[in-house]
Amino acid sequence: MQYDILIRGGTVVDGSGLPRYQADVGISDGRIATIGKVEGGAHEVIDAEGQIVAPGFIDGHTHMDAQVFWDPLGTCSCWHGVTSVVMGNCGFSLAPCAEKDKLLVMRNLERAEDISPKAMEAGIKWSWSNFAQYLDAVERLPKGINYSAYVGHSALRTYVMGERAFEDQATSDDLAAMKRELREAMRAGAAGFSTSRASAHQTPDDRPVASRLANWQEVRELVGVMGELGAGVFEIAQEDVPTPDRLHDFLGRMKALALETRVPTTFGVVYFRKMPHIWRAFYELVDDTVAAGGKMLVQGTSRWISTLLSFESTLPFDKAPLWSEMRKLPLAEQEATLRNPAARAQLIQAAREFMTKRHNVVGAEARPPDFDYLFVLDQPLPPYRSVAQIARERQQDALEVMLDLALEKHLRQFFIQPIVNEDQDVVLAMMRHPRSVVTFSDSGAHVSQIMDSSIQTHLLGHWVRDRQALTLEQAVRKLTFELASFWGLKGRGLLRERNYADVVVFDPATIAPQMPTLEYDLPAGARRLKQKALGIKATIVNGEVLLRDNEHTGALPGKLLRGPLAA
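Caption draft 1: Broad picture of the overall build of the chain. When helices and strands are counted, the chain shows 17 helices and 24 strands. Taken over the C-alpha trace, the chain has a radius of gyration of 24 Å; the compact-globule value for 567 residues is 24 Å, and the two agree within 12%. In terms of overall dimensions, the chain has a C-alpha envelope of 75 × 60 × 45 Å along the principal axes. Here the chain holds 567 residues, and the buried ones make up 62% of them. Counting only contacts in the chain whose residues sit at least 6 apart along the sequence, the fraction spanning at least 24 positions is 76%. Carbon and sulfur atoms provide 50% of the accessible area of the chain, an area that totals close to 21,500 Å².

Caption draft 2: Structural detail: the pattern of salt bridges. In the structure shown here, the tally under the stated rule is 46 salt bridges. A salt bridge links D206 to R111, with the nearest nitrogen and oxygen atoms 2.4 Å apart. Note that D206 is positioned in the loop between β9 (192-196) and α6 (216-229) and R111 in the loop between α1 (102-110) and α2 (117-123), a separation of 95 residues in sequence. Among the residues examined, D206 registers a relative accessible area of 46% and is labelled partly exposed. By relative accessible area, which is 15% here, R111 ends up buried. For D174, the salt bridge goes to R164, with nearest N and O atoms at 2.5 Å.

Caption draft 3: Structural view of the sheet that holds strand β13 (residues 305-309). Taken together, the three strands give an open sheet; going across it, the order is β13-β15-β14, and neighbouring strands pair in antiparallel fashion. Each having just a single partner strand, β13 and β14 (375-377) make up the two edges of the open sheet. For this sheet, the mean inter-axis angle between neighbouring strands, taken without regard to orientation, is 40 degrees. Bridging between β13 and strand β15 (residues 414-420) involves five bridges; their strand directions are antiparallel. Across the sheet, the residue bridging to T307 is Q417, located in β15.

Caption draft 4: Highlighting the nonpolar core. Among the nonpolar cores identified, the biggest contains 122 residues, and F69, L94, Y134, F267, F282 and F506 are the most heavily contacted of them. Take this core: its biggest share by element is seven residues, from helix α8 (residues 278-291). Among residues more than four places away in sequence, those in contact with F69 are L94, G123, I124, W128, Y134, A137, V138 and L141. One finds L331, L347, V376 and M402 within the second-largest nonpolar core, a separate group that totals 32 residues.

Caption draft 5: Here's a closer look at the pairing of β13. With respect to burial, β13 is a largely interior element, five of its five residues being buried. Here β13 shows no split at all, with I305, T307 and L309 on one side and S306 and L308 on the other all buried.

Caption draft 6: Molecular detail of the side chain of T11. By the element assignment, T11 lies in strand β1 (residues 3-12). A distance of 2.5 Å separates the side chain of T11 from the side chain of Q22, its partner in a polar contact. Beyond its immediate sequence surroundings of up to four residues, T11 is in contact with R20, Y21, Q22, Q51, I52 and V53.

Caption draft 7: A look at the packing of α6 against helix α7 (residues 244-261). Where α6 meets α7, the axes come as close as 9 Å, and the angle between the chain directions of the two elements is 25 degrees. Relative to α7, α6 is oriented roughly parallel. Read as a crossing pair, α6 and α7 show a hand that is right-handed. Where α6 approaches α7, its residues W216, V219, R220, V223, G224 and G227 are matched on the opposing element by F250, R253, M254, L257, E260 and T261.

Caption draft 8: The sheet that holds strand β8 (residues 146-152), seen in detail. The eight strands are arranged β6-β7-β8-β9-β10-β11-β12-β16 in an open sheet whose pairing can be described as parallel. At either margin of the open sheet sits one strand with a lone partner, and together these are β6 (57-59) and β16 (436-438). Ignoring which end each strand starts from, the neighbouring axes of this sheet average 25 degrees apart. Note: β8 against β9, three bridges, orientation parallel. Pairing of Y150 across the sheet is with G192, part of β9. Those strands touched by α8 are β11 (265-268), β12 (296-300) and β16, and its axis lies near 155 degrees from that of β12.

Conventions and cut-offs
The residue numbers shown here count from 1 along each chain, following its written sequence. This being a predicted model, a pLDDT of at least 70 is required before a residue's local features are given, and a value of 80 or more before pairs of side-chain atoms are given or counted; all residues contribute to the totals for chains, interfaces and linings. Computation of side-chain values covers all heavy atoms of the structure but excludes hydrogens and water. Each helix corresponds to a stretch of at least 4 residues labelled H or I by DSSP, and each strand to a stretch of at least 2 residues labelled E; elements are numbered beginning at the N terminus. The globule rule used here is 2.2 Å times the number of residues to the 0.38 power, and the radius of gyration it is set against is calculated over C-alpha atoms. The classification of residues rests on relative accessible area computed with a 1.4 Å probe and restricted to protein chains. Under 20% of the type maximum is buried, over 50% is exposed, and intermediate values are partly exposed. Note on definitions: a residue-residue contact is assigned when non-hydrogen atoms from the two residues lie within 4.5 Å. Computed with the Shrake-Rupley method and a 1.4 Å probe, the accessible areas treat only the protein chains shown as cover for residues. A pair is scored as a salt bridge if a Lys or Arg side-chain nitrogen falls within 4 Å of a carboxyl oxygen belonging to Asp or Glu. Being paired, for any two strands, means DSSP has found at least two bridges between them. As a rule, the C-alpha atoms of each element are fitted with a line to give its axis, helices using only the stretch in contact, and angles between N-to-C directions run from 0 to 180 degrees. As used in this record, nonpolar core signifies buried Ala, Val, Leu, Ile, Met, Phe, Trp, Tyr and Cys residues forming a set joined through side-chain atoms within 4.5 Å. Polar contact is the term for a pair of N or O atoms within 3.5 Å; when the atoms are in protein, one must be able to donate a hydrogen and the other to accept it, and sequence-neighboring residues count only if both atoms are side-chain atoms. Angle categories are assigned with fixed cut-offs, so that under 35 degrees is roughly parallel, over 145 is roughly antiparallel, 65 to 115 is roughly perpendicular, and the rest are oblique. For a crossing to be left-handed, the near helix must be turned anticlockwise from the far one by less than a right angle; the clockwise case is right-handed.

Structure follows, in structure tokens:
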């Protein structure tokens, strides 16, 4: 038989969690034709000796709704072995929304997800009003990877209520209209419905995003639409739970909603240093809900969720007096200023005063530094040293040391500022939980603040190879089959004959993220952090090689993955 692609001599880790085995993989007509000892030729043969052959990774938590319009490849996700993503998380989607109202959905996205409004204005050709039309627009786009999309609650509210969505409770007529649109969106192929009740999600003028104005009854009725249809996933960015009573109340409502609607429910869970035990309560919620007959899954990550700071991008002191003016200068002039003893002394004093004040910091925005939890990014994978540790070694002040370290690299040194997940032993415990997957990347969002599109290669390089804390089989399953099963991505996430040929071939001895860079390659020249990976020999999407040695082949084989009601 003549195959389109023959992956020869690799070690198959098929996504199921079962032990690896040696086999060839033959691909024809976009699907896996055979796995085993393959005889016959192929248009392209990939020598996979010494390589792992696995299903393409799936990312269930992205915000690539806008990026898909200007970035056919799906970077940075595609560079880390990802072949399918779910976008529209946390209540943020670009539809439903008519072009005349697009500033409403951009307002929801601009600060909460750090997506440049100038980039959206320049990079998106608006051609839809309702969600079905948005899906059609995405389907027409050239795409490197596969996309599935939620209906976002904030967009749904602004579609029906306009400016009132940021101020008022929904009327019965508003809610009826939202339910009609959600029902039609599900029939057109939406992945489900997402919302946010998190205080970190604010607009540029410090107001809550639209979904946060909704009462719980509104959420219940919208999720109930999916329950009536028997399709779709509910994703939520959780409420703040600062007290035991608030936590108990929220967990009770979540469990009741999952059981009464029978809708699969998912959310991210992270570790907060100041509230170290709350994460366990969410895992207990999931276990209890599943035991009672519901379906629930935790979205986890493989490391800190952290802001990347540098003089090239963002610093904690950017809004401080003196700093705000200095930071407008070209990088070389900033360096010259910091090398002037008198100017440096004034800037240090201004930074110290700024650090003592209370600031409205939300999401991934830079916050005043705790130097014991501010690390120097001098290599792609841990361990890292904190600025405080280096300061103790040098017997110097930590702020002075931070500036010296930056000057040593001519202000091109990155620092990592963890926001959550400070205790990596807890992160490992969460990853090992049977109802947790590694998928909380936020790809497409916070593009000038964080770089978590590399959580897959971090998992394989750090936790599997360097720490040997998870087996390769366990890690691949948490990146593939468990995600595909929960989101109903049939024929993906598992290497089996007749399944779609989404495949990643990688070297387990070298796979790792590369160092991030800051570039101005978004529409309108907006900036973003970028990060590629080492050790990936081939990424195959729907039976075509998208990336060879992580360089684009020119193929764009990605598809829109519509939900089951559209079939």
